[in-house]
There are 4 protein chains.
Amino acid sequence: MDGRVGVALIGSGRMGAFHAETVARRLPRARLVAVADPAPGAADRLTGALGAGRAYTDVAQLWDDPAVYAVVIAAPARSHADLVVAASAAGKHVFCEKPMAVTLADADRAIDAARSAGVVLQVGFNRRFAADWRAARDLLDAGRLGTPRMLRSLTRDPGGFDPSRVLPDTIFLETLIHDFDTLRFLNAGAEPVEVYATADALVEPTWRDRGLLDTAVVTVRFDNGAMAVADACFEASYGYDVRGEVLGSGGMATMGDGRRNGMAFSGPAGRLVETVRGDQELFQEAYIAELAAFVDAVGAGTASPVTGEDARAALAIALAAAESVRAGRPVRIDEVEK
Amino acid sequence: MDGRVGVALIGSGRMGAFHAETVARRLPRARLVAVADPAPGAADRLTGALGAGRAYTDVAQLWDDPAVYAVVIAAPARSHADLVVAASAAGKHVFCEKPMAVTLADADRAIDAARSAGVVLQVGFNRRFAADWRAARDLLDAGRLGTPRMLRSLTRDPGGFDPSRVLPDTIFLETLIHDFDTLRFLNAGAEPVEVYATADALVEPTWRDRGLLDTAVVTVRFDNGAMAVADACFEASYGYDVRGEVLGSGGMATMGDGRRNGMAFSGPAGRLVETVRGDQELFQEAYIAELAAFVDAVGAGTASPVTGEDARAALAIALAAAESVRAGRPVRIDEVEK
Amino acid sequence: MDGRVGVALIGSGRMGAFHAETVARRLPRARLVAVADPAPGAADRLTGALGAGRAYTDVAQLWDDPAVYAVVIAAPARSHADLVVAASAAGKHVFCEKPMAVTLADADRAIDAARSAGVVLQVGFNRRFAADWRAARDLLDAGRLGTPRMLRSLTRDPGGFDPSRVLPDTIFLETLIHDFDTLRFLNAGAEPVEVYATADALVEPTWRDRGLLDTAVVTVRFDNGAMAVADACFEASYGYDVRGEVLGSGGMATMGDGRRNGMAFSGPAGRLVETVRGDQELFQEAYIAELAAFVDAVGAGTASPVTGEDARAALAIALAAAESVRAGRPVRIDEVEK
Amino acid sequence: MDGRVGVALIGSGRMGAFHAETVARRLPRARLVAVADPAPGAADRLTGALGAGRAYTDVAQLWDDPAVYAVVIAAPARSHADLVVAASAAGKHVFCEKPMAVTLADADRAIDAARSAGVVLQVGFNRRFAADWRAARDLLDAGRLGTPRMLRSLTRDPGGFDPSRVLPDTIFLETLIHDFDTLRFLNAGAEPVEVYATADALVEPTWRDRGLLDTAVVTVRFDNGAMAVADACFEASYGYDVRGEVLGSGGMATMGDGRRNGMAFSGPAGRLVETVRGDQELFQEAYIAELAAFVDAVGAGTASPVTGEDARAALAIALAAAESVRAGRPVRIDEVEK
């Protein structure tokens, strides 16, 4: 090894490809040693395009490859927990895209596996690495926000979802999971107590009959009294909209101004600014920073900045939210913790 | 009469004094003919300062004063409905500060009284007359927002509430009532179906033992599927904060930028803009515009722009919210409509 | 007199009508006693619409009317100085729209006349009363901007100028005169030393042959070293644009954000805000505030907040700018002071 | 060669180190093959830190190194032209930091040398690659701005300049040269005709006796009639401030909002946003993008996106501005073209 951390990508889809390029080109302390993807030719194409890394179709090949020191899991969500367990068992450090698991039992398995193996386990809650959110957290840590009273986090996608890739809980487990983590991040030290959610298929009413949801509002009460609201919608005509807000006893922080750049056009219709159109545009730097932090933690043997426990806590909120929609009433976190 | 509408003020407190000055000085089509306030000297002081109007300590004197063509009710909230009924019975047109009533039965009494008497009844939901909110509604009416999917309205006061003037339902009946009306205004044509609220004393934890609430988050589902969130907090360190948002199938409107003026100071700490500090600063023009509209409706005999039915509908949401906090579960509007 | 200052309007055009309405309806300490306009029926129409004031076609009638305690001059610019002199001679206090004079000799005559008569003379530099500009000046006075180094002031009109009402120096004497005063206001205590201007007919190239100018940039050096730039254009597709900026040793103040309201629409094209479309929209409060200040000064016998000397100083810059364009070189203020 | 362009850095100072890191780590199509710096140990330290490239103390060693396919010149400004000539003579493609030359004769020599050698010559006007400026130019190219009438470009540094590195023309040749290029970029197709400048030592009055300047305002007339203003100040208490503006017949584009991120803190003093503090923060992406474009042009054999002629044209404005300050009058571009 040349001092750089050997990293393998599991999954070569949209996000996997971005992470692979980050490892290959944007992180001086990492190198891309392999890509694993079961789809024929997929890993080959990515390693070929990047000019780096072996291509595997069987993820198990990674476990035996001594050049693989750490893995980045960007496979389908439902496979994450098993992959964390397998990678840990093979002694590989693990960066896992969210959600790390879709059941609390799986989350516990993943956490235990990483702990037993003594590997770093980091989860892909990228907003913690985005400039606005980091700056808000810095304010909180500096005491300038005082005690949080109300929080808000929202995610609105630009639309075009493929219903075949959506499950009834997708909006909670894959979209709002980011917001649930953000709320914990911005209400540092507090934990959720009760969750109320309402959700529907408003973008695509035809989804309703299939039990799919595209719009949701979730209220979360925390043990420090703070009230939080997360909302998500799978379609916003103006692009990709992610915002946050903390109202504390000392002041308020707002995050996410939605502008693509600092240029404004004033014309007959008024003043127009361009809006952000996708996650890789809004969070490009955050996606890179989270992997840089992972590589640093692996290289220095320090603690993961976003732990399996963080993933589990956000998952508990998501599961309570889904249950709240089914039950039509608020659901306590301890109800999903049986 | 000189062509101007003779208006009497009922109540000479902070809001009453502002309205009285508006009638006396800012509305060319109105004149201030009387002020009634039971507190000794209060009405006198106001009419003296304005150089206009007779001063009464007994509101009943207004009913007999033929110069009083219309009244503006700015007395304590719990007296509003009775005053609407009495004024209507005397044949006076009525502008009533919110809340028009604190029970649905009282709301119905007030509506019936005005209808029977054939007088104009307008309710003080001033945000409908504020530039940002009017502009958003214009967008909606023009079809540019499409069908609303998610809405937001919030009110954060600068603090300093006197607990002796706060009742357990004050945050819903007197503060959030504005937001509930705003949500209906911005989701025009739809009606609320179900309400979930969580509330607490976070600003003044000592209020909790007395059953008082200073912070609340309310989720409202509408019959067109739209989900709305209203929140309120009795203290914001940065002043008076009122905002709104509509996400529709066509786009999003946001209201309320919180700036006091367009000046910004860039210095060593960054760029600073002043924030709005009070309701009479933020809504000065709206407060004037709503009375101007009232005087126009009275003068022209046209329909009230904000009706008793609007007041009743917002009240139903407020009552459901309060009940939701008590019951710890979502409450359907038809539950408070028994 | 009923304690209110009796005010007459001279000129019933666009600006005169606005001021007349302000006197009649928006200023509790003033009353409109007369309007004078030589155009047949013009004064009549305005007094009729406002329901107040006598109508004169001969301005001299005002001088003899004892109810006229003060006049507001909103007649054509070239008549201002003579009217100030005549009003002063008649013992009337004077508010004069800018420019107070178009030659320094006339400015001196006007100043002398008011001083000899002991009447208040205030000039219509309304930006000094606009919230953004007042706030910037407050910062300066509080020492937070330190010593000004660079200043900027600009005026862009929405277009539609009638060339028959434009003279070769109009852009300097009637438009940029506001900016020249603003630069002095924001660089308080300093005086201009040298001026360089470049100007052209860029909106309407056909104006060039008639010697008319519609676009200009003016650089002003002050005796405290500060450099200032004023610019003006008679057409902006997005409306009426007035901005200012002070860069000082302590920080920077920027004025004028151009938004009509705080509502933003996010849609497929991005995020759009409405822009201000005219001076009476942008400066409505400032126009009222300057007359209120005038009435206060007249009523209390205190000093004029915007003096004839201020008008003269701005005029000197305007004359130097016009001369600079003719001569194609920088012109010192003392060159126009011969 | 492995398909990547071998690039050498000339100069390992602040900007040179940034460019070297970009070549070594951020550009997949380039590799850092050498760094040359005459200061003992300087090149060694940089190549060591980056883990790439040979270190030379004599720039001539680069000319003989066959692995060096292109050079990036980030040496002191006064050496640029000679280095461009030498690099061209050695057949190396050249990216040269601004200013490419400080006399027109030197600029011509550099242009001729590159042309004769058939190498790519690109100049470091990074703003052309910054998102705001690119977006404004796109608007212009799309016709939405119409014909430019007034333009503005400004540069304000955060201060701390070392007077020993400042020459009398530094503010024009090294700072405002960016703005002069920006004005040409935003007034595409037009060329400057006449320049008027005023400048002084306002930040450090003691500089005045040494003939140094720290604050300047420059007016430029273009052959399409457009008027432009560039200003610069070597100290802004709020950081690094670069802005631009184009007012055209169709509308206005503004560039540079100065925010460090999208987070805002609302507290007792108002609403505060952080401001950008340095050029490598504001223009990080632009600095990378300009080198990426250079590597692309070199690799593909296509035309330079920012030519020696562009550098020469901006230099002519800078020289005319400096001459204008000396002469105290406007200076025509053809006067410096003798």
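Residues numbered from 1 in each chain as written. Chains lettered and ligands numbered in written order. Predicted model: local features only at pLDDT ≥ 70, side-chain atom pairs only at ≥ 80, totals over all residues.

Q: Sorry if this is basic, but what is going on with the interface of chain B and chain D here?
A: By a frequent convention, interface size equals the accessible area lost on bringing the separate parts together. Contacts between the two partners involve 13 residues from chain B, matched on the other side by 13 residues from chain D. Listed by contribution, the elements that provide at least two residues to the side of chain B that touches chain D are strand E13 (259–267) and strand E14 (270–275) of chain B. Taken together, the residues of the side of chain B that touches chain D sort by class into 5 nonpolar, 6 polar and 2 charged. In terms of strand pairing, E14(B) meets strand E14 (residues 270–275) of chain D through 3 bridges, oriented antiparallel. Within the sheet, the bridge partner assigned to Val273(B) lies in E14(D) and is Arg271(D). (Contact = placed C-beta atoms within 7 Å. Helix = DSSP H or I, 4+ residues; strand = E, 2+ residues; numbered from the N terminus. Nonpolar A, V, L, I, M, F, W, Y, C, P; charged D, E, K, R; others polar. Pairing = 2+ DSSP bridges.)

Q: Where do I start with unusual backbone geometry in this structure?
A: For residues besides glycine, phi is generally negative; the peptide bonds are generally trans as well. The residue after Lys98(A), namely Pro99(A), is reached through a cis peptide bond having omega -10°. In this structure, Pro99(A) sits in the loop between strand E5 (93–96) and helix H5 (104–117).

Q: Please clarify how the sheet that holds strand E2 (residues 30–36) of chain B should be interpreted in this entry.
A: Where strands meet in a sheet, backbone hydrogen bonds hold them as pairs that are either parallel or antiparallel. All names here are of chain B. Taken together, the 6 strands give an open sheet; going across it, the order is E3-E2-E1-E4-E5-E6, and neighbouring strands pair in parallel fashion. Each edge of the open sheet is held by one strand with a lone partner, namely strand E3 (54–56) and strand E6 (121–123). Within the sheet, the average angular offset between the axes of one strand and its neighbour, ignoring direction, is 20°. Sheet topology note: the strand E1 (residues 5–10)/strand E4 (residues 70–73) ladder contains 4 bridges and is parallel. Following the sheet pairing, Leu-9 is matched in E4 by Val-72. Set on the sheet, helix H4 (residues 80–89) makes contact with E1, E4, strand E5 (93–96) and E6; between it and E5 the angle comes to about 165°. (Axes fitted to C-alpha atoms, helices over the stretch in contact; angles between N-to-C directions.)

Q: Looking at this model, I keep getting lost on the environment of Ala107(C). Mind explaining?
A: Residue and element names in this part refer to chain C. Relative to the helices and strands, Ala-107 is located in helix H5 (residues 104–117). The sequence separation of Ala-107 and Gly-308 amounts to 201 residues, and the corresponding C-alpha distance is 7.3 Å. Not counting chain neighbours up to four residues away, the residues in contact with Ala-107 comprise Ala-81, Met-100, Ala-101, Gly-308, Ala-311, Arg-312 and Leu-315.

Q: Even after reading the chapter, I still don't get the interface of chain B and chain A, so can you show me in this structure?
A: The partner chain A presents 26 residues to the 26 residues of chain B that form the contact. Contributions of two or more residues to the side of chain B that touches chain A are made by strand E7 (148–156), strand E8 (192–200), strand E9 (215–222) and strand E10 (227–233) of chain B. Classifying every residue of the side of chain B that touches chain A by side-chain character gives 12 nonpolar, 8 polar and 6 charged.

Q: It is not clear to me how the pairing of strand E14 (residues 270–275) of chain C should be interpreted in this structure. Could you clarify?
A: Every regular strand shows the same layout, with side chains that alternate between the two sheet faces. Residue and element names in this part refer to chain C. Within E14, 6 of the 6 residues are buried, which leaves the element mostly enclosed by the surrounding structure. Bridge count between strand E13 (residues 259–267) and E14: 5 bridges; the pairing is antiparallel. Bridge pairing links Gly-267 to Gly-270 in E14. Here E13 folds back onto E14, and the loop between the two strands holds 2 residues. (Buried ≥ 20, exposed ≤ 12 C-beta atoms within 10 Å, placed from the backbone.)

Q: Can you walk me through the relation of the copies chain B and chain A in this structure?
A: Copy one and copy two of the chain differ by a rotation about a common axis and a shift along it. Placing chain B over chain A gives an RMSD of 0.0 Å and needs a rotation angle of 180°, together with 0.0 Å of translation along the axis. With respect to symmetry, the two chain copies, as superposed, fit the operation of a two-fold axis. If distances are taken from each C-alpha of chain B to the rotation axis, the shortest is found for Arg329(B), at 2.8 Å. Most of the interface of chain B is mirrored in chain A, where 100% of its interface residues again form contacts. (Least-squares fit on C-alpha atoms with pLDDT ≥ 70 in both.)

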